[in-house]
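An overview of the molecular structure
Residues per chain, in single letters:
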Amino acid sequence: MAMIDEPLYPIAVLIDELKNEDIQLRLNSIRRLSTIARALGEERTRKELIPFLSENNDDDDEVLLAMAEELGVFIPYVGGVEHANVLLPPLETLCSVEETCVRDKAVESLCRIGAQMREPDLVESFIPLVKRLAGGEWFTARVSSCGLFHIAYPSAPETLKTELRALYSQLCQDDMPMVRRSAASNLGKFAATVEAAHLKADIMSIFEDLTQDDQDSVRLLAVEGCAALGKLLEPQDCVAHILPVIVNFSQDKSWRVRYMVANQLYELCEAVGPEPTRSDLVPAYVRLLRDNEAEVRIAAAGKVTKFCRILNPELAIQHILPCVKELSSDSSQHVRSALASVIMGMAPVLGKDATIDQLLPIFLSLLKDEFPDVRLNIISKLDQVNQVIGIDLLSQSLLPAIVELAEDRHWRVRLAIIEYIPLLASQLGVGFFDDKLGALCMQWLKDKVYSIRDAAANNVKRLAEEFGPDWAMQHIIPQVLDMINNPHYLYRMTILHAISLLAPVMGSEITCSKLLPVVINAAKDRVPNIKFNVAKVLQSLTPIVDQSVVDKTIRPCLVELSEDPDVDVRFFASQALQASDQIMMSS
C-alpha cells in the first residue's frame, strides 16, 4: 500500500482486517485507527467506527491492548471534548477483560479522557460508568473501577459524592482480594480529591479496614497509602491515625509488609514530621535493621543515610550506628552491598570526629569485603568522606586499601578503581598522585582484560587534562611510548588507542614531535590489526597537526598502507585518505 493512499484507506478493508485470522493484520489495522478516523471524518467515526469497535470482541490481548491505547488519544477524531462520551462504551468493555495489562491501559485511557471531559458530561456519562463497573458482577470490572474514582469524584454533585464514597468503601471490603488490592493502591489518589471533613470521617475508616486486612498483599499496599494520606492530613491527625499504623506494620507477621515499611520509611517520616520520627519511628527502624529476613534488612540498610538526616547526630550515633556496625558484617552479601552503597553519605551527617572514630573502621572492613559489589559501592562514593575528614586522613587510612583493590582479581573492581582515579587525582593533588598512584595507571595499560586496558587509556587522557600537558610530557608520554615495543600485539594496540586520545590534549607540537613518529613506525608492524589501527589513528591525528605534516608524513604512510596485502588494512587506509581529502577541501 503506497504511502499516498494511506489517508484514504477504506473502512471496508479495515473491517476485513479486523476480522482476519492473522493477528499481525488485526494489530496493524488497530494501530491505523487514527488514519481511518481522519479519512472517515468526525461524524462517521462517531456513528460507524466507534460502535464497530464496541462490538468487536477480539480475543487476542495484544490487539485489545493496542485498541485501549489508541482510544485514549481519540478525542480529536470524534469531534472534540463535546463528543468525548462516545469513546466510553468500548473502553468500558475493555475494563472487564481478563488480561491485567489491557484493563490497566483502558483505565489509563479513561482517566485521560475523563480529565478532558466537561463537567455535565462527566455527571451524565462518566460517573454512571464508574458505578456500573464498581457494581460489576465479574471482579475484573470492580478492580478497574477503583482507578477511576479520583476522576469522577471532583465533578459529582453532593448526593453522588456520598454515593461514590460509600461505593469505594464497599470495594475495600470486597470478597475478592484483587479488588481490595486495587482499592488499597488507588486510595491515595482518591483521598486527594475528597474534602477535608470527609477525609477524616470516611477515608480514614476505610484505610483502617485495609490495614487490618487478612491478606498481606492488601496490607503492603496500605503501607503506600500511609505516606499518601499523611501528606493530606493535619500533623496532629497524622500522628494520631498514621503513626500507630506504621509502628504496627513494622512488626507485621508478613515480611513483605515489613519490607514495604522499610522501603517507604523516609516518605513515612516526612509525613509524620521530625519529632514523632525521633520518638516513635527510631525504635521501629532499629527493629527493621535487625529483622530476621534479609530482604527487609536490605531495604532498611538502603535508607540508613536518609533516615539519619532526619535525626540529630547524637541520636544517629546512639541508635543507628550500632545497627550499621552489625550490618557491615551481615551474613547476606546483598545486605552489606546495600549498606555500602549509602554508608558514605552518613559522614556529612555525623561530622568529622564520629566519622573518624566510628565510620572509618566500617568503611575499611567493607573495602576488604570478599564480595566485589560491596567493595565497588564503597569506592564509588569516597568523595563524600573526603569532604568531611580531609585528604590526609583519607590517604592514610583508605589509600592502602584502594591500592590493594587496584590489583583485585575481579576485573570489575579494577575497572571501578580506574574510573575513580581522575577524581582521586584531583583531590590528592599532583605530588601525592605521583608517589602513590602513577605506577598503577601504567600497569593497567598491560592488563589481561580489554575493558581495563581501554579504561586505562581513557584514564591517562583524563589525567593529562587534569594536570596539564607539561606534567603529562614528563610523567605519562615517555612511559606510554615505551610500551609500543611490547611483544604482544594487543598491548601495542592499546598504546595506539592511548596516543589517539592523548593527541588532542597534548596539542599539535608534542603530537608532531613525540606521538606521530611512533604511529608512523607502527605502520611497519607485521600484524595487520596494528596496521589498520595505525590508519584509524592517523585519521584522528589529521585535524590536529598542520597541513604540511599531513602532506609530508601522514599521507605517504596512508598511501603505502592502502596498497597493503591485507583487505582490512587497505579499507581503513582508503577511508583515512578520503577523510584527509575532505579536510583539505573544507579548509
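Treat the numbers as computed from the prediction; the structure is a model and nothing was measured. (Residues numbered from 1 in each chain as written. Predicted model: local features only at pLDDT ≥ 70, side-chain atom pairs only at ≥ 80, totals over all residues. Heavy atoms only, no water.)

Below, the discussion takes up the overall build of the protein chain. Scanning the protein chain from terminus to terminus reveals 38 helices and zero strands. Its C-alpha atoms give the protein chain a radius of gyration of 33 Å, clearly above 25 Å, the size a compact globule of 587 residues would have. Along the three orthogonal principal directions, the C-alpha set of the protein chain runs to about 90 × 75 × 35 Å. The buried share of the protein chain, reckoned over its 587 residues, is 53%. Sequence separation of at least 24 residues holds for 68% of the intrachain contacts in the protein chain that already meet a minimum separation of 6. Surface summary for the protein chain: the accessible area is close to 26,200 Å², and the carbon and sulfur share equals 50%. Between the mean site of the 57 positive side-chain charges and the mean site of the 81 negative ones, the protein chain shows a separation of 4 Å. (Helix = DSSP H or I, 4+ residues; strand = E, 2+ residues; numbered from the N terminus. Rg over C-alpha atoms; globule rule 2.2 N^0.38 Å. Buried < 20%, exposed > 50% of the residue type's maximum accessible area, 1.4 Å probe, protein only. Contact = heavy atoms within 4.5 Å. Areas by Shrake-Rupley, 256 points an atom, 1.4 Å probe, with all protein chains shown as cover. Lys, Arg positive; Asp, Glu negative; His and termini not counted. Charge placed at Lys NZ, Arg CZ, Asp CG, Glu CD.)

A few words now on helix H21 (residues 333-343). The element H21 is largely enclosed, with a buried count of eight among its eleven residues. Among the residues of H21, those classed as buried are Val335, Arg336, Ser337, Ala338, Leu339, Ala340, Val342 and Ile343. Tucked into the core, H21 has its buried residues touching helix H18 (294-301), helix H19 (304-310), helix H20 (313-328), helix H22 (346-350), helix H23 (352-367) and helix H24 (372-379). The N-terminus of H21 is capped by Ser332, whose side-chain oxygen sits 3.3 Å from the backbone nitrogen of His334. (Polar contact = N/O pair within 3.5 Å; in protein donor to acceptor, adjacent residues only side chain to side chain.)

Moving on: the nonpolar core. By size, the foremost hydrophobic cluster in this structure holds 211 residues, and its most contacted members are Phe126, Ile320, Ile343 and Trp444. Residue contacts for Ile320: discarding those within four places in its chain leaves Tyr285, Val286, Leu289, Val304, Phe307, Cys308, Leu311 and Leu315. (Core = buried A, V, L, I, M, F, W, Y, C linked by side-chain atoms within 4.5 Å.)

A few words now on the packing of H21 against H24. A pair of packed helices can be characterised by two numbers: the angle between their axes and the separation between those axes. It is at 7 Å that the axes of H21 and H24 come closest, and there the two elements cross at 5°. The angle between H21 and H24 falls in the class roughly parallel. Counted together, Gln333, Arg336, Ser337, Ala340, Ser341 and Ile343 of H21 and Asp373, Val374, Asn377 and Ile378 of H24 form the full contact between these two elements. Looking at side-chain class alone, the contact of H21 with H24 contains four nonpolar, four polar and two charged residues. (Axes fitted to C-alpha atoms, helices over the stretch in contact; angles between N-to-C directions. Parallel < 35°, antiparallel > 145°, perpendicular 65-115°, else oblique. Nonpolar A, V, L, I, M, F, W, Y, C, P; charged D, E, K, R; others polar.)

Summed over all chains, the structure comprises 17 salt bridges. Here Arg142 makes a salt bridge to Asp174, at a shortest N to O gap of 2.7 Å. With Arg142 in helix H9 (residues 139-145) and Asp174 in the loop between helix H11 (158-172) and helix H12 (177-191), the pair connects residues that are 32 residues apart, well separated along the chain. Neither Arg142 nor Asp174 differs from the other in exposure class; each is buried. For Arg297, the salt bridge goes to Asp330, with nearest N and O atoms at 2.7 Å. Note that Arg297 is positioned in helix H18 and Asp330 in the loop between H20 and H21, a separation of 33 residues in sequence. Arg297 gets classed as buried once you look at its relative accessible area, which sits at 10%. Residue Asp330 is classed as buried on the basis of its relative accessible area, which comes to 10%. (Salt bridge = Lys/Arg side-chain N within 4 Å of Asp/Glu carboxyl O.)

With that settled, consider the packing of aromatic side chains. In total, this model carries ten aromatic pairs according to the counting rule given. Ring pairing ties together the aromatic residues Phe149, Tyr153, Tyr168 and Phe190, which thus form one cluster. Above the plane of the ring of Phe572 lies Lys536, whose end atom (NZ or CZ) is 4.8 Å from the centre. (Phe/Tyr/Trp six-rings, centres within 6.5 Å; stacked < 30°, edge-to-face > 60°. Lys NZ or Arg CZ within 6 Å of the ring centre and 35° of its normal.)

Now for the environment of Ala294. Here Ala294 is to be found in helix H18. For the pair Ala294 and Lys352, spaced 58 residues apart in sequence, the C-alpha to C-alpha distance is 31 Å. Here Ala294 is in contact with Ser332 and Val335, once residues within four sequence places are set aside.

Once that is clear, we can look at the state of the cysteines. Put plainly, two cysteines are in a disulfide when a covalent bond ties their sulfur atoms together. Tallied over the entire structure, the rule returns zero disulfides. Free cysteine Cys101: the closest other cysteine sulfur is in Cys95, separated by 13 Å. Given a relative accessible area of 36%, Cys101 falls into the partly exposed group. Of all cysteine sulfurs in the structure, the one in Cys557 sits closest to Cys512, which takes part in no disulfide; the separation is 14 Å. Take Cys512: its relative accessible area is 24%, and that puts it in the partly exposed class. (Disulfide = S-S within 2.5 Å.)

Once that is clear, we can look at the environment of Ile544. Following the sequence through the fold, Ile544 ends up in the loop between helix H36 (528-541) and helix H37 (547-561). Along the sequence, Ile544 and Thr511 sit 33 residues apart, while their C-alpha atoms lie 8.1 Å from each other. Beyond its immediate stretch of four places on either side in the chain, Ile544 contacts Ala503, Pro504, Gly507, Ser508 and Thr511.

This paragraph deals with helix H5 (residues 61-71). What H5 keeps buried is the set Val63, Leu64, Ala66, Met67, Ala68, Glu70 and Leu71. In the core, the buried residues of H5 are packed alongside helix H2 (23-31), helix H3 (33-40), helix H4 (42-55), helix H6 (88-94) and helix H7 (100-116).

On the surface, a cluster of negative charge is contributed by Asp61, Glu62, Glu98 and Glu99. Counting through the fold element by element, Glu98 comes out in the loop between H6 and H7. (Patch = residues over 30% accessible without salt bridge, like charges linked within 9 Å, V, L, I, M, F, W, Y side chains within 5 Å.)

Another point: the packing of helix H31 (residues 450-467) against helix H34 (residues 489-506). In the contact formed by H31 and H34, the axes pass within 9 Å of each other and the chain directions differ by 25°. By the angle between their directions, the pair H31 and H34 is classed as roughly parallel. Read as a crossing pair, H31 and H34 show a hand that is right-handed. Taking contact as the criterion, the partners of Arg453, Asp454, Ala457, Asn458, Val460, Lys461, Ala464 and Glu465 in H31 are, on H34, Leu490, Tyr491, Thr494, His497, Ala498, Leu501, Leu502 and Val505. The residue makeup of the contact of H31 with H34, split by class, is nine nonpolar, three polar and four charged. (Left-handed = near helix turned anticlockwise from the far one by under 90°.)

Turning our attention to the environment of Gly136. Mapped onto the elements, Gly136 comes out in the loop between helix H8 (119-134) and H9. For the pair Gly136 and Ser96, spaced 40 residues apart in sequence, the C-alpha separation works out to 8.6 Å. In this structure, Gly136 is in contact with Ala141 and Arg142, ignoring residues within four places of it in sequence.

Our focus in this paragraph is the confidence of the model for the protein chain. Scored by pLDDT, the protein chain comes out at a mean of 79, with 91% of its residues at no less than 70. Every residue in residues 1-9 scores below 50 in pLDDT, and together they form nine contacts with partners more than four places removed in sequence or on other chains. (pLDDT = per-residue confidence, 0-100.)

Checked against the element boundaries, Ser145 lands in helix H9. Accessibility expressed as a relative area gives 0% for Ser145, which makes it buried. Those residues in contact with Ser145 that lie beyond four places of it in its chain are Val130, Leu133, Ala134 and Leu171.

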